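Commentary on secondary and tertiary structure
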Amino acid sequence: MMMVMQPEGLGAREGPFAGSGGGGEYMEQEEDWDRDLLLDPAWEKQQRKTFTAWCNSHLRKAGTQIENIEDDFRNGLKLMLLLEVISGERLPRPDKGKMRFHKIANVNKALDFIASKGVKLVSIGAEEIVDGNLKMTLGMIWTIILRFAIQDISVEETSAKEGLLLWCQRKTAPYRNVNVQNFHTSWKDGLALCALIHRHRPDLIDYAKLRKDDPIGNLNTAFEVAEKYLDIPKMLDAEDIVNTPKPDEKAIMTYVSCFYHAFAGAEQAETAANRICKVLAVNQENEKLMEEYEKLASELLEWIRRTIPWLENRVGEPSMSAMQRKLEDFRDYRRLHKPPRVQEKCQLEINFNTLQTKLRLSHRPAFMPSEGKLVSDIANAWRGLEQVEKGYEDWLLSEIRRLQRLQHLAEKFRQKASLHEAWTRGRWPASLRAGKEEMLSQRDYDSASLQEVRALLRRHEAFESDLAAHQDRVEHIAALAQELNELDYHEAASVNSRCQAICDQWDNLGTLTQKRRDALERMEKLLETIDQLQLEFARRAAPFNNWLDGAVEDLQDVWLVHSVEETQSLLTAHDQFKATLPEADRERGAIMGIQGEIQKICQTYGLRPCSTNPYITLSPQDINTKWDMVRKLVPSRDQTLQEELARQQVNERLRRQFAAQANAIGPWIQAKVEEVGRLAAGLAGSLEEQMAGLRQQEQNIINYKTNIDRLEGDHQLLQESLVFDNKHTVYSMEHIRVGWEQLLTSIARTINEVENQVLTRDAKGLSQEQLNEFRASFNHFDRKRNGMMEPDDFRACLISMGYDLGEVEFARIMTMVDPNAAGVVTFQAFIDFMTRETAETDTAEQVVASFKILAGDKNYITPEELRRELPAEQAEYCIRRMVPYKGSGAPAGALDYVAFSSALYGESDL
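Residues numbered from 1 in each chain as written. Predicted model: local features only at pLDDT ≥ 70, side-chain atom pairs only at ≥ 80, totals over all residues. Heavy atoms only, no water.

**Considerations on the overall build of the protein**
Looking only at helices and strands, the protein has 33 helices and eight strands in total. Out of the 910 residues in the protein, the part that is buried amounts to 48%. Excluding contacts between residues fewer than 6 apart, the proportion of contacts in the protein whose partners are at least 24 apart in sequence is 74%. Carbon and sulfur atoms provide 51% of the accessible area of the protein, an area that totals close to 44,800 Å². (Helix = DSSP H or I, 4+ residues; strand = E, 2+ residues; numbered from the N terminus. Buried < 20%, exposed > 50% of the residue type's maximum accessible area, 1.4 Å probe, protein only. Contact = heavy atoms within 4.5 Å. Areas by Shrake-Rupley, 256 points an atom, 1.4 Å probe, with all protein chains shown as cover.)

Shown next, in the form of structure tokens:
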């Protein structure tokens, strides 16, 4: 008998075997086996059949087998052959003799080999094997099975029996009516064995048709399929398992271990395929995000490109209504068309930051958009749009003000021109229906009496006085025409034509007036009689008539005011004018008194001029008519001014209403911008709590949008009323819009930063405490409290954490945390740097190794292998992207998976 020294503390007989390292498990297994044989002889039958079949599954590789396990190993020859087959090693040459000592020598060689593999054999000697001791023979074979078929099984830090059990549990977990808890009763109904086969080869068994109440059918199905398709011999009898209350554990373990080894290659291929699918999924998702970014950036840039020419078109419209339509189009652009683009721009920045974070976490290179589509390019284009937009709005308002003034000036020009033209068409004397030019061209003095000549002369003097009084009006008309030309009035041609006609006529009147005066003065020497009373009437009536004309002109004059104060000023001037009316009425009465005296004298002496006044064309009726007109125009102007005052008061209420809201909204937006800035610089609590707080802030901001909309409505009312100034507030609608867009962008960027931190935390396996420590360190060295560290602050931070930095090393780190050389380190870049060294991510080398497994250790892979090992979508993705393999010895269509794996971690095509 071969005896092996036992460890101290063990009894005289602890079982037929014990293992080194895992020896406790060996001894425990043997003690159970020993007791079980004594209690249930049925187990001996199960072990005999199972162990025999297991040995033959290996011996057949050497062209032999055994029939009787306790007899066929007695000479040691097949035992040595079995060990050579399962270990792949050569044993010492066996003794050729047939004597007992030859057999014992051969068995001892086998037992020595088993001991050399770290297994301590206790109480198993060569004599018992040679003598055909069934119990010792089964114990020895179980030792071999444990060592060579079960001990090396390892699943998630568990090995041997526990590892095999965990593997079975994991593989059968999804199947109904299967609950693997041990290696005896859990396998009685056959469903666990069928589930193992179906999990790896679903084409061999239709699991849905199996019934729990048919254990023998299930077991036989599993045995037959395993023997036919998996090359696992039948090692058990279905009836023995079903009819035994507790099937033999070792027999079940031996049989199940064959499934583990049969599927081990598939397990390795599955693991490799899963790794490849995971990497490809990340790459596909990143490519999708890149394509979405490119599409969104292209659309936004194209919208900006189309919009800028529209805003740069500063061709004015000739009418106020057309310009107001342009203003309404611009308001629609600001209110309806631009806000969605603001959201797109903000979302584009968020998508870009999220994509860069995902690329960093998966060790992919940073995404570089197409030329002209960088975030900075879009920001520059957006700034250009807003500059053009501001210029367009300023131009619109300036143009509307210009047209408003043009309308006012044109109306004033037409009114004064009409008054002047009416004056030039005036009659003189009453019997003649001719204009001033015809009157001045008459030679009525040729046949006139002395009194008539003197009357003509005095009349001419009155006309000259009247003419001089109209000089200012003509100059005013010319000045109005000049101003209309300077302001590019659209009907300037007609204005110029009319003004030129008036000026030409005025020059002609001056010439004709001088000629007539010369003629009358020559005639005056011949005439001596003059009527002083008529002359006095003419002298007083002429200026009074001019005053009446001026009063009528002033009362009919148009105005342009922009405030209550300006309207009040007009009202005050009007009240002052009304105060002069009693004195004017007294003057009118005095003039009428002169005319009455003239008529009395003419009647008394029968003078010919009694019916007319030779010195003036004005009649008392003319003066009274104009006076009545003045009295009628005064209340009309009163009403017009009061209506204008009411309109200006409405405008003032609109200004105050807008200012009240703007003065509340402006500080609120500023406070929220500062609050979001403080949140971004000093977030506390878990990331989920931070996100909840930020989402609440975002919701509060969104809820506040109704106030902005109301303010937009008030702003629109102001613009429709042509009110462009407001002394009650420093906030314009443009200020509010810019602040609101800044607030929306700020909260969205802060939320995106926390989302990226969540991505980083989950991908890197960071705890909340680690993130809090990172945040505390970052905030401590963020001296400007703007969410960014400058290089000197970052260097100080690294030194405080124990980094020994030279210039070269620090420069290398800065290229990692600031790849764009912006001169600052963001919090996200700081986190990436702090976690990069310990990150566990897939690498190009790991992906190459996984493809090598799927390719059967070849340096190339075929499309058929990809379609067999990977899901259809992933397989086709690889086939489209892989380049042909250029090495020798490869079949047609072979693909280069090494170049493909490297490209996954190289530069992007986008």
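**Remarks on the nonpolar core**
Counting 81 residues, the largest nonpolar core has Ile141 and Trp187 as its most contacted members. When residues of this core are assigned to their parent elements, the largest contribution, eleven residues, is made by helix α7 (residues 134-150). Not counting the four nearest positions on each side in its chain, Ile141 is found in contact with Phe51, Cys55, Ile69, Phe73 and Leu82. (Core = buried A, V, L, I, M, F, W, Y, C linked by side-chain atoms within 4.5 Å.)

**With respect to the packing of aromatic side chains**
If you walk through the whole model with that rule in mind, you get 31 aromatic pairs. On the basis of an interplanar angle of 40° and a centroid distance of 6.4 Å, the ring pair of Phe259 and Phe263 is categorised as tilted. Here Phe263 and Phe259 lie together in helix α12 (residues 249-312), a separation of four residues that amounts to about one turn. For the ring pair Phe352 and Phe367, a centre distance of 6.2 Å and an interplane angle of 50° mean the geometry is tilted. Here Phe367 lies in the loop between α13 (320-361) and α14 (375-424) and Phe352 lies in helix α13, a separation of 15 residues in the sequence. The class of Phe367 is buried, set by a relative accessible area of 2%. (Phe/Tyr/Trp six-rings, centres within 6.5 Å; stacked < 30°, edge-to-face > 60°.)

**Description of the packing of helix α2 (residues 41-59) against α7**
Working note: a packed helix pair is described by the angle between its axes plus the distance between those axes. Following both chains from N to C, one finds α2 and α7 inclined at 50°, their axes separated by 11 Å at the closest point. When the interaxial angle is binned, α2 and α7 end up oblique. Seen from above, α2 lies across α7 with left-handed handedness. Residue-level inspection shows Glu44, Gln47, Arg48, Phe51, Trp54 and Cys55 of α2 in contact with α7, the latter providing Leu134, Leu138, Ile141, Trp142, Ile144, Ile145 and Ala149. Looking at the contact of α2 with α7 residue by residue, the classes come out as ten nonpolar, one polar and two charged. (Axes fitted to C-alpha atoms, helices over the stretch in contact; angles between N-to-C directions. Parallel < 35°, antiparallel > 145°, perpendicular 65-115°, else oblique. Left-handed = near helix turned anticlockwise from the far one by under 90°. Nonpolar A, V, L, I, M, F, W, Y, C, P; charged D, E, K, R; others polar.)

**Things to note about the pattern of salt bridges**
Overall, the coordinates contain 66 salt bridges when judged by the stated rule. The residue Asp575 makes a salt bridge to Lys578 at a minimum N-O spacing of 3.6 Å. Separated by three residues within a single helix, Asp575 and Lys578 lie in helix α20 (residues 564-579), roughly one turn from each other. Taking the relative accessible area as the measure of exposure, Lys578 reaches 28% and is therefore partly exposed. One network of salt bridges, in which partners are shared, links Arg334, Lys338, Glu386, Glu389, Glu712, Glu734, Arg737 and Glu741. (Salt bridge = Lys/Arg side-chain N within 4 Å of Asp/Glu carboxyl O.)

**Re the environment of Lys727**
Along the polypeptide, Lys727 turns up in the loop between α24 (705-720) and α25 (733-764). C-alpha separation for the pair Lys727 and Arg655, spaced 72 residues apart in sequence, amounts to 8.2 Å. Discounting chain neighbours no more than four positions away, the residues touching Lys727 are Glu565 and Glu652.

**With respect to empty space enclosed by the protein**
One pass over the structure, following the stated rule, counts two cavities of 30 Å³ or more. Taken as a whole, the largest cavity spans an internal volume of roughly 80 Å³. Forming the walls of the largest cavity are Phe330, Arg331, Arg334, Arg335, Glu393, Glu712, His715, Gln716, Gln719 and Arg737. Looking at the lining of the largest cavity, the elements with two or more residues in it are α13 and α24. (1 Å grid on protein atoms, 1.4 Å probe; cavity = no way out; pocket = protein on both sides within 12 Å on 5 of 7 lines; lining within 4 Å. Points joined across faces, edges and corners; volume = space filled by probe spheres on them.)

**A look at helix α4 (residues 77-87)**
Residues of α4 that are buried include every one of Leu79, Met80, Leu82, Leu83, Glu84 and Ile86, and no others. Of the surrounding elements, those touching the buried residues of α4 are α2, α5 (100-116) and α7. Positioned one or two residues after α4, Gly88 has a phi angle of 75°, which is positive.

**Concerning the side chain of Glu712**
Note that Glu712 resides in helix α24. Filtering out sequence-adjacent residues up to four positions away, Glu712 remains in contact with Met733 and Arg737.

**Quick notes on helix α17 (residues 471-486)**
An ideal rise of 1.5 Å per residue puts 22 Å on 16 residues; α17 measures up with 23 Å between its terminal C-alpha atoms. When we look at burial in α17, the residues that qualify are Arg473, Val474, Ile477, Leu480, Ala481 and Leu484. Around the axis of α17, the buried residues are gathered within 120° of arc, so they sit on the same side. Exposed positions of α17 whose direction lies more than 90 degrees from the buried face are Asp472 and Glu486. (Expected span 1.5 Å × (residues − 1). Arc of directions from axis to C-beta.)

**Some thoughts on the confidence of the model for the protein**
Of the residues in the protein, 88% have a pLDDT of 70 or more, and the chain-wide mean is 82. This model gives residues 1-39 a pLDDT under 50, and the stretch forms 82 contacts once residues within four places in sequence are excluded. In this model residues 428-433 is a low-confidence stretch, pLDDT under 50, and it forms 14 contacts with partners more than four residues away in sequence or in other chains. (pLDDT = per-residue confidence, 0-100.)

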